[in-house]
Structures are given as structure tokens and as C-alpha cells.
Amino acid sequence: MGSIWFVIWCILTVFQPPNLVTAEEPVCVPGFQSDQLTFSVTRNYLTRGTVLGKVGFTDCTDRTRFLFDTSDKRFVVKTDGVLMVKRAVYLHEGHHDFFIHSWDSQGLKLTIPVSVSMNAADAQVPVLQFPKPGEGLRRRKRDWVIPPLSVTENKRGTYPLNVAQIRSSDDKLRKIFYSITGPGADLPPVGRFTLDRETGNLYVTQPLDREEIALYLFEAHAMVDGAGQAEDPMEIIVIVIDQNDNKPYFTVEYNANVAEATAIGTEVVKVEAKDDDEPGTDNSELRYRILNQDPPLPTDNMFEINPITGSIRVTGRGLDREKYPQYTLTVQAADMAGEGLTGQTKVILTVTDSNDNAPVFTQSSVSMK
């Protein structure tokens, strides 16, 4: 019996693989190259086309370009990973957070949080200096090249909010006191802006509304105590930057007739929405769509709407007054080119008769005597 166990032991010893220590090869894991992305900017108002940085991603293949999506459509990621501002963005409280998505080679969706933040060291308010005659700027007050200030409407934060500093170059030689006059200062709306008389710090005292006042124009003054004015008054312009705080709206509900024999492609009615945000910006750029057609017969796409012009046309066959005498369309307008705030209206289309029914006898035969 012992000899049998000896033979078994020899066999196991011969065929047992050696205990070799090998270095583990790195395993590729599809996904983003970090757990979170943070991009720093030097200002809180990001204009269209601003490049924020690059997103690192791999799907463990040889591909270098990928499809990306964002939870905030004001940002776009190119196929090479470059993150850009698609539409102007204001960073409330100095930062903005959203998500970026991509997909691996198996179609699995992967997501990473993104934060765009303004460097605290760069959050300096502009300093406006009184122009001097020798600078060639003071011919008439309105010829002075003083850059306008910008304040975003509905700006969050603690008020009063410092927006600029007014300075005289003479403040190193003598004591200067500052003040402001005009609409928004000591004229209606009084007190929207105040000025620290010693430091020259200009403050806005409450959130502004561009739809109420889009531009403020007042004057800053530099005075020497007991000696009159130290500088000629300086004109200050404050532009209120629009935010998307107004949703589109329709002023009417629409009623129109559409004949049974109306040809496909014929316009039957045109809708128009309004938006009180600044014209010519993304905040007021509208797109239209039909949300619902009632009844959805004979098909649910009997009509289509031009997303830009609001023109509604016939696209389906089968208009029949006897069967479907009226259609009610629910039409939506959305700003931010269709991705923002929305408003709705009803469009009632009454189907009118066409000569599409041949005359018929009510009796199969008539007896004449």
C-alpha cells in the first residue's frame, strides 16, 4: 500500500507547475481618465466658442475620437475631447456643475461630473480711472473711452455687491472723496447703485432686471474736501446682461380652416410666440414643435410645423370632414434654440367640405305612371 502512495506522490511532483512569480500586466478599464473634471476660468461670463480644456477618455481600443454628450447643452464636447462653450454661460456664484457622458465599445454609458470654476484670485473688480487731459481722451465727456461695466441680471450673492472701483490718480497726493449722481444713483430709481465716498468702491444694492432697465448711465465725481472738484465728472455706463428668465408665450389661440382637398405641403396657419429676453440672443431664439394632435387619425402626423418660422402645413393624407371635422394641435415654443424654457398654445383646425362625394339616389328604383 505504501508503494502505491509513493508512486502517486512522484507523479504529482513531476506534473505540478513551478511556483513562478510574474509581473501583472496592466488591465485597461474603459472610461474617463479621472473621477471628476475641474476647469478653471478667469471670468464668470463665458462667451460662445470659449475652449475650457480637454476630456480624457478611452474605450480600450485604438480609437482616438468618441461620441460625447452633456447634461447642459450650453456646453459641447468635440469628438477629440475638446470641451467648448456652445452658448454664452454666466457662472452664478463663480462656478457651474454638469455631467459629460460617453460610451465604451460595448455601448455602456459612462458619466463623469464636471465643474467649471472661476479662480478666486482672478475675481477682481474693474478699476475705472478718471481720464487726464494729456491722455487725449478728454475732448468732451461723451468722447471719453471708458469701458462700460456689465452686471448680470438676477445675479446671486450678498448685496450690496461690489462691481467696480472709481479712482483718481490724485488720491496719492491728497485726500479724495467720491460720489455718483444720475438715474440709479440719486435719481429714480434711487439707490440702485451706491459709492463708498472714501474708497471709491461702486456697489449694486439689489438684483437688476434687464427687462425693466437694460442700461444705467450716471456720473462719478472726485472732490477734494474744502477745495472743490478734483476731476471732471466721469460718465459711467452699466449694461445689464440678459439671463434666460422669461419663458416664451403666445398671445392668442389659433383658429383656421383646412379644406378636405388641401394639397400636401400647403400652409394652413402660422403661429408666433414672444419672449421678453434680449432679442438676438440664445435666450430669445425660439423653436416650435407640435406636441399633440387630437384626434390622431387617420395618422398622428397629419400636420407638421416649421421649427423656425412656426408655419404649420398639411403633411398627411385623409382629411375628411365627415369623419374628423376638427383637429386640435398643442404647439410648444422653446427658447435657447429649443432647449430652454417653454410655452404652449392650442391651434384649432376646422376641416371644411370639398366636393368629394358623388350624388346618390335614396331609392334603388323609381316607378313612373
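Everything that follows concerns the structure shown earlier in this document.
Sequence positions are assigned chain by chain, starting from 1 and proceeding in written order. The predicted origin of the model limits local features to residues at a pLDDT of at least 70 and limits the giving and counting of side-chain atom pairs to 80 or more, whereas totals for whole chains, interfaces and linings rest on all residues. The side-chain figures draw on all heavy atoms in the structure; neither hydrogens nor water molecules are used.

**Topic: the overall build of the chain**
Then step 1. On a plain count of helices and strands, the chain comes out with two helices and 27 strands.
Then step 2. The buried label applies to any residue whose accessible area, calculated with a 1.4 Å probe on protein chains only, is under 20% of its type's maximum; exposed applies above 50%, and partly exposed to all values in between. Residue burial in the chain is summarised as follows: out of 369 residues, 36% are buried.
Then step 3. Throughout, a residue-residue contact means that at least one pair of heavy atoms, one from each residue, lies within 4.5 Å. In the chain, of all internal contacts separated by at least 6 residues, the share reaching a separation of at least 24 is 64%.
Then step 4. With an accessible surface of roughly 22,200 Å², the chain has 52% of that area assigned to carbon and sulfur atoms. A run of H or I in DSSP counts as a helix once it spans at least four residues, and a run of E counts as a strand once it spans at least two, with each numbered from the N terminus. To be clear on the numbers: accessible area is Shrake-Rupley with a 1.4 Å probe, and residue cover counts the displayed protein chains and nothing else.

**Re the pairing of strand S21 (residues 254-259)**
Then step 1. Residues of S21 alternate between two faces, with Tyr254, Ala256 and Val258 buried on one and Asn255, Asn257 and Ala259 left unburied on the opposite face.
Then step 2. Both S21 and strand S27 (residues 342-352) contribute to a ladder of six bridges, which runs parallel. From the neighbouring strand, Ala259 faces S27, where its bridge partner is Thr352. Paired strands are those between which DSSP finds at least two bridges.

**Some thoughts on the sheet that holds strand S12 (residues 127-129)**
The strands making up a sheet associate through backbone hydrogen bonding, with each pair oriented either parallel or antiparallel.
Then step 1. Pairing is mixed across the open sheet formed by four strands, whose spatial order is S12-S14-S17-S16. The strands lining the two open edges of the sheet, one partner per strand, are S12 and strand S16 (193-195). On average, adjacent strands in this sheet sit at an angle of 25 degrees to one another, irrespective of strand direction.
Then step 2. Direction of pairing for S16 relative to strand S17 (residues 201-204): antiparallel, over a ladder of three bridges. Bridged to Leu195 within S17 is Leu202. Angles shown run from 0 to 180 degrees and are taken between the N-to-C directions of axes, each axis being a line fitted to C-alpha atoms and, for helices, limited to the stretch in contact.

**Concerning the nonpolar core**
Then step 1. For the purposes of this section, nonpolar cores are sets of buried Ala, Val, Leu, Ile, Met, Phe, Trp, Tyr and Cys residues that join through side-chain atoms within 4.5 Å. Grouped together as the largest cluster of nonpolar side chains are 28 residues, with contacts concentrated most on Ile166, Phe193, Leu202 and Ile236.
Then step 2. Taken together, the elements giving at least two residues each to this core come down to strand S13 (149-152), strand S14 (161-167), strand S15 (176-181), S16, S17, strand S18 (215-224) and strand S20 (234-241).
Then step 3. The leading source of residues in this core is S18, at five residues.
Then step 4. Beyond its immediate sequence surroundings of up to four residues, Ile236 is in contact with Leu128, Leu149, Ile166, Tyr216, Leu217, Phe218 and Ala220.
Then step 5. Counting 24 residues, the second-largest nonpolar core is a separate cluster that includes Val258, Val268, Met302 and Ala333.

Geometry only, nothing functional implied.
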